[in-house]
Amino acid sequence: MSILRRKPSAEVVQTADSEPVEIDSPTGQKGRPTPKRRTSRGPVSKAPKTRKEAVAWQKEHAQRPVAGQKKLTPTEYRQAVRSGEVLPRRDQGPVRALARDYVDSRRMASNYLLWLFPLLLIGYVIPIVQYLVLLAFLALVGEWFFAGKRIKRLAAERGLQTRETAIGLGFYAGSRAYFRRSWRRPLPVVELGDKI
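The numbering scheme is per chain: residues are counted from 1 as the chain's sequence reads. Confidence filtering applies because this is a predicted model: local features only for residues at pLDDT of at least 70, side-chain atom pairs given and counted only at 80 or more, and all residues used for totals across whole chains, interfaces and linings. Only hydrogens and water are removed before side-chain values are computed, so all heavy atoms of the structure are retained for them.

Draft legend 1. Representation of a nonpolar patch on the surface within the structure. A cluster of nonpolar side chains, contributed by Leu119, Leu121, Ile122, Tyr124, Val125, Ile126, Ile128, Tyr131, Leu132, Leu134, Leu135 and Leu138, occupies part of the molecular surface with about 1300 Å² of accessible area. Of all elements in the fold, only α5 (116-123) and α6 (127-157) reach the threshold of two or more residues within the nonpolar patch. A run of DSSP states H or I qualifies as a helix once it reaches four residues; a run of E qualifies as a strand once it reaches two. Both are numbered from the N-terminal end. It is α6 that provides the largest number of residues to the nonpolar patch, a total of 6 residues. Note that Leu134 resides in helix α6. Residues enter a patch when their relative accessible area is above 30% and they make no salt bridge; the linking distance is 9 Å between like charges and 5 Å between nonpolar side chains (Val, Leu, Ile, Met, Phe, Trp, Tyr). Each accessible area is a Shrake-Rupley estimate made with a 1.4 Å probe; only the visible protein chains count as cover when residues are assessed. Criterion for a salt bridge: a side-chain nitrogen of Lys or Arg within 4 Å of a carboxyl oxygen of Asp or Glu.

Draft legend 2. A look at the packing of helix α4 (residues 94-104) against α6. Where α4 meets α6, the closest approach of the two axes is 10 Å, and the angle between their N-to-C directions is 125°. Classified by the angle their axes make, α4 and α6 are oblique. Between α4 and α6 the crossing geometry is right-handed. Judged by residue contacts, Val95, Leu98, Ala99 and Tyr102 of α4 engage Ala147, Arg150, Ile151, Leu154 and Ala155 from α6. Here the contact of α4 with α6 is composed, by residue class, of 8 nonpolar, no polar and 1 charged. Helix axes are fitted only over the stretch in contact, all axes being lines through C-alpha atoms; the angle between N-to-C directions runs from 0 to 180 degrees. Roughly parallel covers angles under 35 degrees, roughly antiparallel covers those over 145, roughly perpendicular covers 65 to 115, and oblique covers all other angles. For a crossing to be left-handed, the near helix must be turned anticlockwise from the far one by less than a right angle; the clockwise case is right-handed. The contact rule is simple, with two residues in contact once any of their heavy atoms fall within 4.5 Å. Gly is put with the polar residues, along with every residue not named as nonpolar or charged; the nonpolar set is Ala, Val, Leu, Ile, Met, Phe, Trp, Tyr, Cys and Pro, and the charged set is Asp, Glu, Lys and Arg.

Draft legend 3. Spatial organisation of unusual backbone geometry. Of note, the amide linkage connecting Arg185 to Pro186 takes the cis form, showing an omega dihedral of -5°. Mapped onto the fold, Pro186 is located in the segment after α7 (166-177).

Draft legend 4. Layout of the environment of Ala173. For Ala173, the position within the fold is in helix α7. The spacing of Ala173 and Ile151 is 22 residues in sequence and 9.0 Å in space, taken between C-alpha atoms. The residues touching Ala173, leaving out its near neighbours within four places in the chain, are Val103 and Ile151.

Draft legend 5. Main features of the pattern of salt bridges. Evaluation of the coordinates by the stated rule reveals 4 salt bridges. When salt bridges that share partners are traced, they join Asp104, Arg176 and Arg184 into one network.

Draft legend 6. How the structure looks around the nonpolar core. Counting residues in hydrophobic clusters, the biggest one holds 14 residues, and the most contacted among them are Tyr102, Val103, Met108 and Ile151. If you tally residues by element for this core, the top one is α4, at 5 residues. What Met108 contacts, discounting residues up to four positions off in sequence, is Val103, Glu143, Ala147 and Ala177. Nonpolar cores were defined as sets of buried Ala, Val, Leu, Ile, Met, Phe, Trp, Tyr and Cys residues, with membership established by side-chain atoms within 4.5 Å. Burial classes follow relative accessibility: with a 1.4 Å probe on protein chains only, a residue under 20% of its type's maximum area counts as buried, one over 50% as exposed, and anything between as partly exposed. Ranked by size, the runner-up nonpolar core spans 6 residues in total, among them Leu116, Val129, Val133 and Leu140.

In structure tokens, the structure reads:
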């Protein structure tokens, strides 16, 4: 006697236009056949076959509007990011807004980070300049860490909850600080020297 044999509790009925259907006994719970996988799935969209179709599909699905929000053109989207109406995910949240205000209200050594790149080129000719650039970059990383600690402390004083580390906030602040004020997105809302 086989252990894996099926119990004879159900009848098998076959109609003329379908596959065999198993009908459970009166004690069974289902009473209908299991749908085939191809019929249980919804309509499947076809993959684009040409590059032109792929570009058209991307344009159609690229910026789906959120409920109650109109679809923005690329120019309108850039303008909304510039003004701060729409924020990318990395810029969202009250702690990130505090970090932006912290950076925009003071001068930091990171404001001059872009000047290190020409010095690196000079370092190929004068090797000691490379060591000076490396020391300056390490000093900037230290500044980012202390800026992150200050931002985290300010957030705690204002009752803002965050799970970000001091170094994470510091790198965010540093990545904003080394751009010129007119290049920063969203644009600064505080002036240099303002108290935040």
